[in-house]
Amino acid sequence: MQYRISAMQKGLPQGGPFCVSKAGNRDSITAQAVIVHFGNDNRSESQRGEIIMRKTAKAMALLTAASMIMTAFTPVYAESTDTEDTAAVDWENGENIKAIKEKGVITVATGTYVPFEYRDDDDNIVGFDIDLAQYIADKLGVDMEVTDMEFQSIVPSIQNGEYDFSIAAMYKTDERCEVVDMSKSYCDSGMILAVKKDSEYADTVKSLADCDGLKVAVKEGATSYNVAQSFLDENPDVSYEIVQYKDTVGCVSDLLAGRVDVVVNDLLNQKILSQEYEGAKIVCDPFTHAENAIAVQKGKDDLLAFINECIDEYYADGTYDTLWTKWIDASGEGEEAAAAEDAETAE
């Protein structure tokens, strides 16, 4: 958890001999100059010296007290277990697992990212990730409550303990692992480029190096933005305009409308969007490798171990293959395609 507490909330006088400032994830206290105004009085130098010493001593005492108050509000971060090695964790007797069972529901944060999570025609949140989240809830024997939100809000919501876990086609990165714990990979993917089929760039753009002078669409705050920006930072001889969107549907819509020239996107998401928006064309193989993972608040080792065990089982019992067919290899037809496949199997 991160606390943002003002000087007044900490019980510190404002405008005094110190200030509260941010230093990374915690606040720090800085002593400021002690200024004593004497005006035009007739005190001797020795008397003035004594007053300054008393003022300074009082300021230091307040600073010491302030530091003690700060310590009381400094959050303690539990050391997290290696996300790839949680087999030894006794999750069944874990406090977080017990708490979820007692309330009878596991809460999940997600975003909007076809075919992993999105709202269908009946306004239900569905997708590959939602089915996996339900699988995890079923394994624990509890109900599931899903909340969708903007992608950039997901990690902070997990940091703050607002939800038990998040699943949102989220790449496992070093930066995210610094603030939340992330599970084993439940699906691998990577970044690709897409252009409009009949555009002048359909046969010339194969990499970001070919995007010089173009408008490049990315999802705001996502890996696509990081990849596009990092390439510019590392290749000063290449220049393109990065245009950010709240979701990838907006990226592709503007691509087809001619407002941008190239889209940087996840392969699996773009496969579905290229089926739904027939004018979009994937022009290269993935040029990054990424693992989609589930995020939990740091210190919830029992919950992380349980989720990792569920992921192992979902690969072993065929659930992964079923979800892949249902949501990714089924031409974007989701539940209808899965139902048709079940009917064929029954025959």
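Cut-offs applied
- Residues numbered from 1 in each chain as written.
- Predicted model: local features only at pLDDT ≥ 70, side-chain atom pairs only at ≥ 80, totals over all residues.
- Heavy atoms only, no water.
- Pairing = 2+ DSSP bridges.
- Helix = DSSP H or I, 4+ residues; strand = E, 2+ residues; numbered from the N terminus.
- Axes fitted to C-alpha atoms, helices over the stretch in contact; angles between N-to-C directions.
- Parallel < 35°, antiparallel > 145°, perpendicular 65-115°, else oblique.
- Left-handed = near helix turned anticlockwise from the far one by under 90°.
- Contact = heavy atoms within 4.5 Å.
- Nonpolar A, V, L, I, M, F, W, Y, C, P; charged D, E, K, R; others polar.
- pLDDT = per-residue confidence, 0-100.

**Considerations on the sheet that holds strand S14 (residues 280-282)**
As summarised here, the arrangement of the five strands in space is S12-S11-S13-S10-S14, forming an open sheet in which the pairing is mixed. The open sheet has two edge strands, strand S12 (241-245) and S14, and neither has a second partner. The sheet shows a mean angle of 35 degrees between the axes of neighbouring strands, direction not considered. Here five bridges tie strand S11 (residues 215-219) to S12, and the two strands are oriented parallel to one another.

**What about the packing of helix H3 (residues 128-140) against helix H10 (residues 319-327)?**
Axis separation between H3 and H10 bottoms out at 10 Å; the angle between their running directions is 150 degrees. Relative to H10, the element H3 lies roughly antiparallel. Crossing hand, H3 versus H10: right-handed. Contacts from Phe-128, Asp-131, Leu-132 and Tyr-135 in H3 reach Thr-319, Tyr-320, Leu-323, Trp-324, Lys-326 and Trp-327 in H10. The class makeup of the residues in the contact of H3 with H10 is seven nonpolar, one polar and two charged.

**Some thoughts on the confidence of the model for the chain**
Taken as a whole, the chain shows an average pLDDT of 78; of its residues, 69% reach a score of 70 or greater. Contacts of residues 331-347 to residues separated by more than four positions or lying in other chains number 11 contacts, the stretch itself having pLDDT below 50.

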